[in-house]
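Commentary on secondary and tertiary structure
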Amino acid sequence: MSAAPPVSIAALRGVRLTSGALVDIALDGDEVLAVVPAGSPLPDTDGEVLDLDGYLVTTAGAEPHAHLDKSQSWDAIQPAFGDLERAIESWHAFAATLDEDDTLRRARSTALRMLASGITSVRTHVDLLRGDDALVGVRALVRLREELDGLMDIELVALGGPNIPDAVFEAALDAGVDLVGGAPHLADDPIADLERLIALARRRDVGLDLHTDESLAGADTLAAYARLVAGWNRPCTAGHCVRLSMMPATDLAALADEVRAADIGVIALPITNLYLQGWEADHAVPRGIAPIGRLKAAGVRVAAGADNVRDPFNPVGRCDHLETASLLVAAGHLAPADALDAVTVGARDVMNLPFAGPVAGARADLVAVRAASLGDAVAFADADRVVLHRGRLVSRTTVTTLTAVPTPTAAPATAS
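Predicted model only: the values in this text are computed from it and were never measured.

Turning to the side chain of Asp 384, a few remarks are in order. The residue Asp 384 is located in the loop between helix H14 (374–380) and strand S15 (385–389) in this model. On the accessibility criterion, Asp 384 (5% relative accessible area) is buried.

Pasting the structure below:
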């Protein structure tokens, strides 16, 4: 296929599923029409046919917790390495001079890197700023969402601290932001700020996505969050939740029951929390990753994301859901299949998106990675990828590598 994206796709041929089966997949518009053994007849639909021999196909990546307004600001800020408090201080100093067009440029660059890796849906927080113009970042990300309409689904969360008045949240929602967010555990009175944010979301009848318990100790806001939204019919999620990693098993089990009953989705953010947590320890440094394996076993809806990308909260990041999956295996002790689920199907579930994947009747948001197996995809994260959003090819990356051929050596002779 030579046409440049976006292109409507009728079929994928010769792809491998995570089960190992080789299949052909027929698409009809934005839906997967049929998945059959490779070489079988396919129904006729409109669009191009892609031959993907050597590729593994999965549900497209979904990023449930990003900060596109902050992304790629590290070089401009030159912050000191350090913990959450230092990161917040350096960001606030920079945000006082935030430029809308520059914010859009950085956010666009990060979003397109995500798209090329296979992420077709992003939920991003956007800061409500101090000062006279609180909506600089909001305007930039609303523009980004409009630019990428049809290529990527973007959902916006208003992120404001206790010093941000309700009227600013209201203005952000009026400007096109979708959800109410915040970080009540950082407030002087965490429960009061939590109650305010929930009341605001209820008043506007929108969902909540809160930064929750983002430290290894400190305020317990997740339990209060669960009790306050129990029985409410709007989507609720909790990001970070690193304090849970320090809880004894019996305490965690009791909290998991409350979170499950309230139907709060929990989002682990391994790369940023591995960077931010534990700076105060001079030995036996604790790691700060929400224990989503144990939460999932308890029936809680779970997902994982990358959070920050090259900003004061995380100086690295590849905009790749497979990087997050790999970290969940290495640092979160998840099996590769569970790690991949957390950044694809699980992430879409927590984001309340339609079910997608190589399954008949599912949304045709797919990514094909050059890999022989699920384990190879997570481990090697090959850059050769084909990305479909709603049945259209929106990105294709093909890498050429030229490496010297090693000289074969003869096996040593064995004694007879």
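Let's pick the thread back up.
The UniProt record annotates "domain: Amidohydrolase" (unreviewed entry) at residues 97–388. Secondary structure across residues 97–388 comprises 41% helix and 16% strand; the distance between its end C-alpha atoms is 37 Å.

In this section: the packing of helix H6 (residues 190–204) against helix H7 (residues 222–229). A pair of packed helices can be characterised by two numbers: the angle between their axes and the separation between those axes. Interaxial distance between H6 and H7 falls to 10 Å at its minimum, and their mutual angle equals 30°. Seen along the crossing, H6 lies across H7 with a hand that is right-handed. On the side of H6, the interface is formed by Ile 191, Leu 194, Glu 195, Ile 198 and Arg 202, while H7 contributes Ala 224, Tyr 225, Leu 228 and Val 229.

Let us now look at the pattern of salt bridges. Two side chains that carry opposite charge are able to pair once their charged atoms sit near each other. What the rule picks out here adds up to 34 salt bridges. We note a salt bridge from Asp 338 to Lys 296, for which the minimum N-O separation is 4.0 Å. Of this pair, Asp 338 sits in helix H12 (residues 336–342) while Lys 296 sits in helix H10 (residues 292–297), and the two are 42 residues apart along the sequence. Residues joined by salt bridges that share partners form a network here, namely Asp 166, Glu 170, Asp 174, Asp 193, Arg 196, Arg 203 and Arg 204.

All right, on to the packing of helix H3 (residues 100–117) against helix H4 (residues 136–147) then. For the pair H3 and H4, interaxial distance at closest approach is 9 Å and the crossing angle is 45°. Between H3 and H4, the interaxial angle falls into the category oblique. As for how H3 packs across H4, the hand of that crossing is right-handed. From H3, Glu 100, Asp 101, Thr 103, Leu 104, Ala 107, Arg 108 and Ala 111 reach across to H4, where they touch Val 136, Arg 139, Ala 140, Leu 141, Arg 143, Leu 144 and Glu 147. Among the residues forming the contact of H3 with H4, the class breakdown is seven nonpolar, one polar and six charged.

Let's shift gears to the sheet that holds strand S8 (residues 153–159). Across a sheet, strands are paired by hydrogen bonds formed along the backbone, either parallel or antiparallel in direction. If you trace the eight strands from one edge of the open sheet to the other, you get S6-S7-S8-S9-S10-S11-S12-S13, paired in parallel fashion. Looking at which strands have only one partner, the edges of the open sheet turn out to be strand S6 (61–66) and strand S13 (302–304). Taking the axes of each pair of neighbouring strands and ignoring which way they run, one obtains an average angle of 25° across the sheet. Pairing analysis gives five bridges linking strand S10 (residues 208–212) to strand S11 (residues 236–240), with the strands arranged parallel. Its bridge partner being in S11, Asp 209 is matched across the sheet by Thr 237.

Attention shifts here to the layout of surface pockets. What the largest pocket holds in volume is close to 650 Å³. Considering the residues around the largest pocket, the lining is formed by 29 residues, among which Ile 88, His 92, Asp 127, Gly 161 and Leu 186 are closest to the centre. At five residues, helix H2 (residues 84–95) tops the list of elements feeding residues into the lining of the largest pocket. The residue inventory of the lining of the largest pocket, partitioned by class, reads 14 nonpolar, nine polar and six charged. Taken together, 17 residues form the lining of the second largest pocket, with Leu 84, Glu 85, Leu 186, Glu 214 and Ser 215 sitting closest to its centre. For the lining of the second largest pocket, the element with the highest residue contribution is H2, accounting for four residues. Class assignment for the residues of the lining of the second largest pocket results in seven nonpolar, five polar and five charged.

This part is about the environment of Val 399. Here Val 399 lies in the segment after strand S16 (392–397). For the pair formed by Val 399 and Gly 20, sequence separation is 379 residues and the distance between their alpha carbons is 24 Å. Other than its neighbours up to four places away in sequence, Val 399 contacts Ala 383 and Asp 384.

Conventions used here
- Residues numbered from 1 in each chain as written.
- Predicted model: local features only at pLDDT ≥ 70, side-chain atom pairs only at ≥ 80, totals over all residues.
- Heavy atoms only, no water.
- Helix = DSSP H or I, 4+ residues; strand = E, 2+ residues; numbered from the N terminus.
- Buried < 20%, exposed > 50% of the residue type's maximum accessible area, 1.4 Å probe, protein only.
- UniProt positions renumbered as here; feature names shortened; annotations may be inferred.
- Axes fitted to C-alpha atoms, helices over the stretch in contact; angles between N-to-C directions.
- Left-handed = near helix turned anticlockwise from the far one by under 90°.
- Contact = heavy atoms within 4.5 Å.
- Salt bridge = Lys/Arg side-chain N within 4 Å of Asp/Glu carboxyl O.
- Parallel < 35°, antiparallel > 145°, perpendicular 65-115°, else oblique.
- Nonpolar A, V, L, I, M, F, W, Y, C, P; charged D, E, K, R; others polar.
- Pairing = 2+ DSSP bridges.
- 1 Å grid on protein atoms, 1.4 Å probe; cavity = no way out; pocket = protein on both sides within 12 Å on 5 of 7 lines; lining within 4 Å.
- Points joined across faces, edges and corners; volume = space filled by probe spheres on them.

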